[in-house]
2 protein chains.
Amino acid sequence: MEKVRPFSQALDRLRDAGLRPTRQRLALAKLLFDDCHRHITAEQLHSEALTGNIRVSLATVYNTLHQFTAAGLLREIVVDAGRSYFDSNTTCHHHFFDESSGLLSDVPKGQLEVTGMPVPPVGSEVESVNVVVRIRAAS
Amino acid sequence: MEKVRPFSQALDRLRDAGLRPTRQRLALAKLLFDDCHRHITAEQLHSEALTGNIRVSLATVYNTLHQFTAAGLLREIVVDAGRSYFDSNTTCHHHFFDESSGLLSDVPKGQLEVTGMPVPPVGSEVESVNVVVRIRAAS
DNA sequence: GTGTTTGCAAAGTGTTTGCAATTTA
DNA sequence: TAAATTGCAAACACTTTGCAAACAC
């Protein structure tokens, strides 16, 4: 008889974030965090869940993505007016956004250097610096 | 009697771009290009036009903004999932985006340097490199 | 049990589209 | 006059919301 496989990191992540580990959150967290880093939209995650026989509504996927983002487990990447992308890698890095396919990918470390922290307008403070390299299928 | 004031650059811009200088396009072009550079959304431009007694529909504002962008007169800036911004300054520069107010502004030249042109995934080519500094009202 | 979370369907937002009427050259 | 452009209203894609039922502790 097979041993119960050890818990993925998903449960601990939820606990640490103070989020109740509900069936839906756990399942989504596993999809998001168990393997390598992901760049994903709400729709994509939802259909991935359904494919994996995880019953979850699209509304809950949206809620969950925002809760995870607020908890610092995800980073929201704005590259497309009209669609939100979420990145399971919250460390500082830059992105390629393929306008032909809508695919988001990481710029390998060291290829792009941003130097200098700009002085924000008075009364405001810098929250993050985002770099997006827009690409297209070569002509 | 007052002399007819000289044509703004708007008419020439439209001619050069091969766009028929209709009443609506001319009026929008004047709002966009006659004074200093603008960062503006379709809604904003539309209400600005109405305020200036220029009858134009929102649909036409959208069409016009996209035509101007395709013609290289404007640059589209993606900073907010759900809203498109257009910049009348098409030269290379970076932006502050104030998440509290939704205001877009330029990062003064020299404060932020991007070095290195990343190698895009095979089969694709770099179209542009966009840097957005997200800011917030200071706490 | 009690407060949290979920799912549904409806509402909301910004944007695009189809097509008849209007305008431009 | 012929072709391009406009305005309207309906359609659209994505996201959020309200609330009753289900769930976690």
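As a reminder, the structure under discussion sits directly above these lines.
Residues numbered from 1 in each chain as written. Chains lettered and ligands numbered in written order. Predicted model: local features only at pLDDT ≥ 70, side-chain atom pairs only at ≥ 80, totals over all residues. Heavy atoms only, no water.

Any chance you could explain the overall build of chain A here in plain terms?
Check the secondary structure of chain A and you find four helices and seven strands. For chain A, the C-alpha atoms occupy an extent of roughly 55 × 45 × 30 Å along the three principal directions. Taken across its 139 residues, chain A has 37% of its residues classed as buried. Taking the intrachain contacts of chain A between residues at least 6 apart in sequence as the baseline, contacts between residues at least 24 apart amount to 43%. Approximately 8000 Å² of chain A is accessible, and the part contributed by carbon and sulfur atoms is 52%. For chain A, the distance from the average site of its 15 positive side-chain charges to the average site of its 16 negative ones is 8 Å. (Helix = DSSP H or I, 4+ residues; strand = E, 2+ residues; numbered from the N terminus. Buried < 20%, exposed > 50% of the residue type's maximum accessible area, 1.4 Å probe, protein only. Contact = heavy atoms within 4.5 Å. Areas by Shrake-Rupley, 256 points an atom, 1.4 Å probe, with all protein chains shown as cover. Lys, Arg positive; Asp, Glu negative; His and termini not counted. Charge placed at Lys NZ, Arg CZ, Asp CG, Glu CD.)

Quick question: what am I supposed to make of the interface of chain B and chain A here?
Interface size is commonly expressed as the accessible area that is lost once the parts come together. Taken together, the contact pairs 39 residues of chain B with 39 residues of chain A. At the junction of chain B and chain A, the tally comes to two salt bridges. Glu127 of chain B serves as the salt-bridge partner of Arg136 of chain A, at 2.5 Å between the closest nitrogen and oxygen. Summed over the shared surface of chain B and chain A, the number is 16 residue pairs in polar contact (both at pLDDT 80 or more). Here the side of chain B that touches chain A gets 14 residues from one element, more than from any other, and that element is strand β7 (residues 124–137) of chain B. (Salt bridge = Lys/Arg side-chain N within 4 Å of Asp/Glu carboxyl O. Polar contact = N/O pair within 3.5 Å; in protein donor to acceptor, adjacent residues only side chain to side chain.)

When you look at the packing of helix α1 (residues 9–17) of chain B against helix α2 (residues 23–33) of chain B in this model, what are you seeing that I'm missing?
If you want to describe how two helices pack, look at the angle between their axes and the distance between the axes. Residues and elements named next belong to chain B. In the contact formed by α1 and α2, the axes pass within 8 Å of each other and the chain directions differ by 115°. The angle between α1 and α2 falls in the class roughly perpendicular. Here the hand of the crossing between α1 and α2 comes out right-handed. Taking contact as the criterion, the partners of Gln9, Ala10, Leu11, Arg13 and Leu14 in α1 are, on α2, Arg25, Leu26, Ala29, Lys30 and Phe33. (Axes fitted to C-alpha atoms, helices over the stretch in contact; angles between N-to-C directions. Parallel < 35°, antiparallel > 145°, perpendicular 65-115°, else oblique. Left-handed = near helix turned anticlockwise from the far one by under 90°.)

Is there a simple way to explain the protein's contact with DNA strand D in this structure?
Around DNA strand D there are 18 residues in total, and Tyr62, His66 and Ser84 of chain A together with Thr22 and Gln24 of chain B lie nearest to it. Of what DNA strand D places within 4 Å of the protein, 88% of the atoms are sugar or phosphate. At a separation of 3.3 Å, a sugar or linking oxygen of DNA strand D approaches a polar side-chain atom of Arg20 of chain B. Within the contact set of DNA strand D, a phosphate oxygen lies 2.7 Å away from a side-chain nitrogen or oxygen of Thr60 of chain B. (Near = heavy atom within 4 Å.)

Please explain the protein's contact with DNA strand C as it appears in this structure.
In the region of DNA strand C, 19 residues are neighbours, and Thr22 and Gln24 of chain A together with Tyr62, Gly82 and Ser84 of chain B sit closest. Sugar plus phosphate: this is where 87% of the atoms of DNA strand C within 4 Å of the protein reside. Gln24 of chain A places a side-chain nitrogen or oxygen 2.6 Å from a sugar or linking oxygen of DNA strand C. Here a phosphate oxygen of DNA strand C and a side-chain polar atom of Thr60 of chain A are 2.7 Å apart.

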